[in-house]
Amino acid sequence: MEKLKPYAFLLLGAVLYTLGFPNITGMLIPFAPIIGTTILVSKLIKQNDLKTRVFYYLFYNLIITLLSFYWIANTIKEFGKVPFP
């Protein structure tokens, strides 16, 4: 369980980060990206192993990417007048 704890915090940080930008829930928290980035940086500073730091960073960015791609289809539909796929 102790091995999964950093990933739970990184997941929380990534979700908080994405809540700072317009999203499908309509909830916008302007200071949330600062808190999310602080969680990431604190985990990176506490870790001495470069391999683990890189893995933490990739995990954090993977979550942000998965939660953030919804807006691309909406932007294409709105401004490109392309039908929604």
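These numbers were taken from a predicted model, which means no experiment stands behind them.

Participant: Looking at this structure, I do not really get the layout of surface pockets. What am I missing?
Facilitator: To find leftover empty space, a probe the size of one water molecule is rolled over the atoms. Within this model, the largest pocket holds a volume of roughly 220 Å³. Lining of the largest pocket is provided by 13 residues; of these, Thr-18, Asn-23, Leu-67, Ser-68 and Tyr-70 occupy positions nearest its centre. Listed by contribution, the elements that provide at least two residues to the lining of the largest pocket are α1 (5–18), α3 (50–68) and α4 (70–80). Take the lining of the largest pocket: its biggest share by element is three residues, from α3. Residue composition of the lining of the largest pocket, grouped by class: nine nonpolar, four polar and no charged.

Participant: Please clarify how the side chain of Lys-43 should be interpreted in this entry.
Facilitator: Among the structural elements, Lys-43 can be located in helix α2 (residues 32–46). Of the side chains bearing the opposite charge, Glu-2 lies closest to the buried Lys-43, which forms no salt bridge; the N-O distance is 8.0 Å. The contacts of Lys-43, once residues within four sequence positions are left out, are Pro-6, Phe-9, Leu-10 and Tyr-56.

Participant: Help me out: how do you make sense of the confidence of the model for the protein in this one?
Facilitator: Low pLDDT marks regions whose predicted coordinates should not be analysed in detail. Here the protein averages 88 in pLDDT, while 98% of its residues score no lower than 70. Summarising per-element confidence for the protein, the mean pLDDT is lowest in α4 (76) and highest in α2 (95).

Participant: What is the right way to read the packing of α1 against α3 from this model?
Facilitator: The description of two helices packed together rests on the angle between their axes and the distance between the axes. The contact between α1 and α3 brings their axes to 9 Å, and the two run at 40°. Taken together, the axes of α1 and α3 are oblique relative to one another. The interaxial crossing formed by α1 with α3 has right-handed handedness. The residues of α3 that touch α1, namely those facing Pro-6, Tyr-7, Leu-10, Leu-11, Gly-13, Ala-14, Val-15, Tyr-17 and Thr-18, are Phe-55, Tyr-56, Phe-59, Tyr-60, Ile-63, Ile-64, Leu-67 and Ser-68. Its residues assigned to classes, the contact of α1 with α3 comprises 14 nonpolar, three polar and no charged.

Basis of the calculations
Residues numbered from 1 in each chain as written. Predicted model: local features only at pLDDT ≥ 70, side-chain atom pairs only at ≥ 80, totals over all residues. Heavy atoms only, no water. 1 Å grid on protein atoms, 1.4 Å probe; cavity = no way out; pocket = protein on both sides within 12 Å on 5 of 7 lines; lining within 4 Å. Points joined across faces, edges and corners; volume = space filled by probe spheres on them. Helix = DSSP H or I, 4+ residues; strand = E, 2+ residues; numbered from the N terminus. Nonpolar A, V, L, I, M, F, W, Y, C, P; charged D, E, K, R; others polar. Buried < 20%, exposed > 50% of the residue type's maximum accessible area, 1.4 Å probe, protein only. Lys, Arg positive; Asp, Glu negative; His and termini not counted. Salt bridge = Lys/Arg side-chain N within 4 Å of Asp/Glu carboxyl O. Contact = heavy atoms within 4.5 Å. pLDDT = per-residue confidence, 0-100. Axes fitted to C-alpha atoms, helices over the stretch in contact; angles between N-to-C directions. Parallel < 35°, antiparallel > 145°, perpendicular 65-115°, else oblique. Left-handed = near helix turned anticlockwise from the far one by under 90°.

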